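This is what each chain is made of:
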Amino acid sequence: ARAAPAPVGPRVRRAWLLLALGLLGLGHWWFTARPVAHVPGVLVPEAPRQLALADPRPFRHEDFQIQPLARYELQARVLSRRDYGFDAGAALAPTDLALGWQRMSDSAVLERMRIDQGARWYTWRADEPPLPIDEITRSSANTHVIPANDAVAAALKQVRAGSVVRIEGLLVEANRDDGWRWRSSLSREDSGGGACELVWVERLEVR
């Protein structure tokens, strides 16, 4: 007579379930969150372009009045990404991208720095700064991303640290109906409070 297979106990089933969930999580991280690696060298030689607007008319977006301040175009390396779901600005800009260009897009520079994001700030640390501090300031920025359409929102999901992105849109000021206000910086030379860019992103390309 052929022996019947031994029944699989709850502990074995639980172990297989945990293994499967772990593999799924690893796969998700590998394809969506794992940083994109680059060989040393400047990836983005150009600085952002900021252009004056001829007729900056405000417009409505959900509970916000959006006032355009300038047209903004840039290509940059993503130094870090942070998503927000519960702070005051999450309904408007659910994602912040710390972006770098010129020598702040070079892996040889970035491997000597520790990049962090939190509370809508981007910070860096280094045992010894690999670049002059004023160059780091003007060659990187924390960017609050407002997706202007579904295509931008979909592309934003593909962005991870190390991605090279091209962004076209507007630097804006947002005023919520209850009086809450959020205004973009208009300079790449500033740092500290109010130095982040608040961008109405009309086009986002990721590579």
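Residues numbered from 1 in each chain as written. Predicted model: local features only at pLDDT ≥ 70, side-chain atom pairs only at ≥ 80, totals over all residues. Heavy atoms only, no water.

1. A few points about the packing of aromatic side chains
Under the convention used in this document: Centre distance within 6.5 Å is the pairing criterion for rings of Phe, Tyr and Trp, where only the six-membered ring of Trp is used; planes under 30 degrees apart are then read as stacked, over 60 as edge-to-face, and the remainder as tilted. Put simply, DSSP marks the helices as runs of H or I at least four residues long and the strands as runs of E at least two long, and each gets a number from the N terminus on. Relative accessibility thresholds used throughout: buried, under 20% of the residue-type maximum; exposed, over 50%; partly exposed, between the two (1.4 Å probe, protein chains only). Criterion for a charge above a ring: Lys NZ or Arg CZ within 6 Å of the ring centre, and within 35 degrees of the ring normal.
For the structure on display, the rule yields three aromatic pairs. Note on Phe64 and Trp180: the rings are 6.2 Å apart at their centroids and 70° apart in plane angle, and the pair reads as edge-to-face. Of this pair, Phe64 sits in strand E3 (residues 64–83) while Trp180 sits in the loop between strand E8 (164–176) and strand E9 (181–183), and the two are 116 residues apart along the sequence. Overall, the relative accessible area of 22% leaves Trp180 in the partly exposed class. Following the ring pairs from residue to residue traces out a cluster consisting of Phe64, Trp180 and Trp182. Above the ring of Tyr84, the side-chain terminus of Arg120 is found at 4.1 Å from the ring centroid.

2. Remarks on the nonpolar core
Under the convention used in this document: Throughout this description, the term nonpolar core refers to a set of buried Ala, Val, Leu, Ile, Met, Phe, Trp, Tyr and Cys residues connected via side-chain atoms within 4.5 Å. Whether two residues are in contact is decided by their heavy atoms: any pair within 4.5 Å suffices.
Residues Leu99, Ile167 and Leu204 are the most contacted members of the largest nonpolar core, which totals 22 residues. At the level of secondary structure, the elements contributing two or more residues to this core comprise E3, strand E4 (95–100), strand E7 (140–147), helix H4 (150–156), E8 and strand E10 (197–206). Each residue touching Ile167, except ones within four places of it in the same chain, is listed here: Tyr72, Glu73, Leu74, Leu99, Val199, Val201, Arg203 and Leu204.

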